[in-house]
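# Structural characterization, general
The chain contents come next:
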Amino acid sequence: MKLVTAIIKPFKLDDVREALTPLGVQGLTVTEIRGFGRQKGQTEIYRGAEYHVSFLPKVKIEIAVSEAIVDEVVETILSAAHTGKIGDGKIFVSPLDRVIRIRTRETGEGAL
Amino acid sequence: MPRFRVASVAALAFAIAPDAALAATPQIDTGDTAWMLVSTALVLLMTIPGLGLFYAGMVRKKNVLATLIQSFAICCIVSLVWMVAGYSLAFGTGTPWIGDFSRVMLHGIADHFHHGVDDAFVLGAGSSNPTVMTIPESVYMMFQMTFAIITPALIAGSFAERMKFSALCVFTVLWSLLVYAPVAHWVWSPIGWVGGFGAVDFAGGTVVHINSGIAGLVTALVIGKRNGYKQDDLSPFNLTYAIIGAALLWVGWFGFNAGSAGGANGRAGMAMLTTQVAAAAGGLAWMIAEWIHSRKPTALGIISGAVAGLVAITPAAGFVLPGAAVLIGLIAGGICFWASVILKHRLGYDDSLDAFGVHGVGGITGALLTGLFAYGPLSATDANPSGTVGSLVQFVRQAEAVGITIVWSVVVTYLLLKAIDLTIGLRVSREAELEGLDMVLHGERIN
């Protein structure tokens, strides 16, 4: 099992969710976050004064998936969240040791 | 010419002859009074909530309440200062230099009442140039009070986010009496010396906007820059507030300008019209200038431009035709954009919310252009059949009035600020500024 964590632009959230549903992704956790990457934030101008905003608003999606579909999930997010402009975000894939469904105590892929 | 010079006593007697008895006791006009009551409420709308929200939206979250409270507190303070002495000093007959103490504590304001009906009162009674009014003195006094309130509230934009509240309260009392009241008397009293040499200010370009804008610049220089200026993120907390505030200012400005006609008449209608088109032109001028300069027309930009247009049309509103008003709005929008966005950063002073850049510069622009564009018939009276006519001579008179106001405002404001700084202190500590004025000064915060 893998945990796919994707940092994306907030307005791309619906596109990503719609693209993932047909793949059999069962659940998805979304968090509104702020941060920066290589872009190091952005500059805003108010009445001629430039202000550097270090932490930009982003959305973090966390998805626990089986090994079988992890590549497909990653590819789908890459396509759906892509704009080609700076600040599109990142995807992290990490190993997932245990998954337990609280209601039934099921474990492993059965709990996904 | 002061804006309320409806007619001299002699001219009124002539106009409504042969009933000489009526001329001797001029009557209240209910239509005029109704409009002036509405105008007064509209001008108060400009300060609380208009200016309060306009300014509060532009500061950081930790200073929003402190900024809103400044407008509110100034309203409370000046209302009483005006009642106690300000009105008497500004509009008591007195001399060309200052009014008198005849209306201290509004003494005698009910003298016109007979059987519950208020007679019209005479501004400058007993002087060489009395002005007969068609509204009760209570209404006139209250209308003027709202102008006295908004003027020091405008200054607060320059020292936002760093002045002590106690210093603000003391400054407001003293500035209202020592700067606002004399300048109002010079320009608007029927015997004031600035109005006397022919300079005109329909609704406060000089008295309100130049006066407050210049005081704002002096304050910004004396109090110093905000901590983190040009380094930290000082961006506006909530521009939605600023937009609501600017919109309320625009609406309230109809009372400010059309109310300055002194009654419900054609001049009021024309002033309302010129106000509308100048505000629109100012908004578009700033928007276009910004679009070209920084490639995006911002919300803050278009509302700033509209306010600049409103400021600039203020001295001119009852003197110019709509075409000239559009021109005044366009010029003011462009010049105020330059002053607030380019000049300020080049010179390096921290006029936080551009009290000088918008009100000072816009007021000077409008006062000078009034001298060029004034259309005689709008201000003509029996006593002055040609009215105020735009010319180079009038332009120079306007420039003199601007210069006089600037000198008085700079000198007295500076002395007041220094005196406050040496006694109770002007500025909060660095720590307090970093924590935010809401919590440190007022013990409150928004979440």
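The name an unreviewed UniProt entry gives chain B is Ammonium transporter, with Neoasaia chiangmaiensis as the organism. As stated in UniProt under Sequence similarities (unreviewed entry), the record for chain B gives "Belongs to the ammonia transporter channel (TC 1.A.11.2) family." Of the comments in the UniProt record for chain B, the one headed Subcellular location (unreviewed entry) reads "Cell membrane".

Chain A is annotated in an unreviewed UniProt entry as Nitrogen regulatory protein P-II of Neoasaia chiangmaiensis. As stated in UniProt under Sequence similarities (unreviewed entry), the record for chain A gives "Belongs to the P(II) protein family."

## A short note on a nonpolar patch on the surface
All names here are of chain B. Together, V326, L327, L330, I331, I335 and W338 make up an exposed nonpolar region whose accessible area comes to about 450 Å². Within the secondary structure, L327 is located in helix α12 (residues 322-347). Taking relative accessible area as the criterion, L327 reaches 39% and is therefore assigned partly exposed.

## Some thoughts on the side chain of B:S352
Residues and elements named next belong to chain B. Here S352 shows up in the loop between α12 and α13 (355-373). A distance of 3.3 Å separates the side chain of S352 from the backbone oxygen of A160, its partner in a polar contact. If we ignore the near neighbours within four places in the chain, the residues touching S352 are G157, S158, F159, A160, R162, R226 and K344.

## So, helix α5 (residues 137-155) of chain B
Here α5(B) contains 19 residues, and its C-alpha end-to-end distance of 28 Å stays within 8% of the 27 Å for a straight helix at 1.5 Å per residue. Buried residues dominate α5(B), accounting for 17 of its 19 residues.

Reading the values: rules and limits
Residues numbered from 1 in each chain as written. Chains lettered and ligands numbered in written order. Predicted model: local features only at pLDDT ≥ 70, side-chain atom pairs only at ≥ 80, totals over all residues. Heavy atoms only, no water. UniProt positions renumbered as here; feature names shortened; annotations may be inferred. Patch = residues over 30% accessible without salt bridge, like charges linked within 9 Å, V, L, I, M, F, W, Y side chains within 5 Å. Areas by Shrake-Rupley, 256 points an atom, 1.4 Å probe, with all protein chains shown as cover. Salt bridge = Lys/Arg side-chain N within 4 Å of Asp/Glu carboxyl O. Helix = DSSP H or I, 4+ residues; strand = E, 2+ residues; numbered from the N terminus. Buried < 20%, exposed > 50% of the residue type's maximum accessible area, 1.4 Å probe, protein only. Polar contact = N/O pair within 3.5 Å; in protein donor to acceptor, adjacent residues only side chain to side chain. Contact = heavy atoms within 4.5 Å. Expected span 1.5 Å × (residues − 1).

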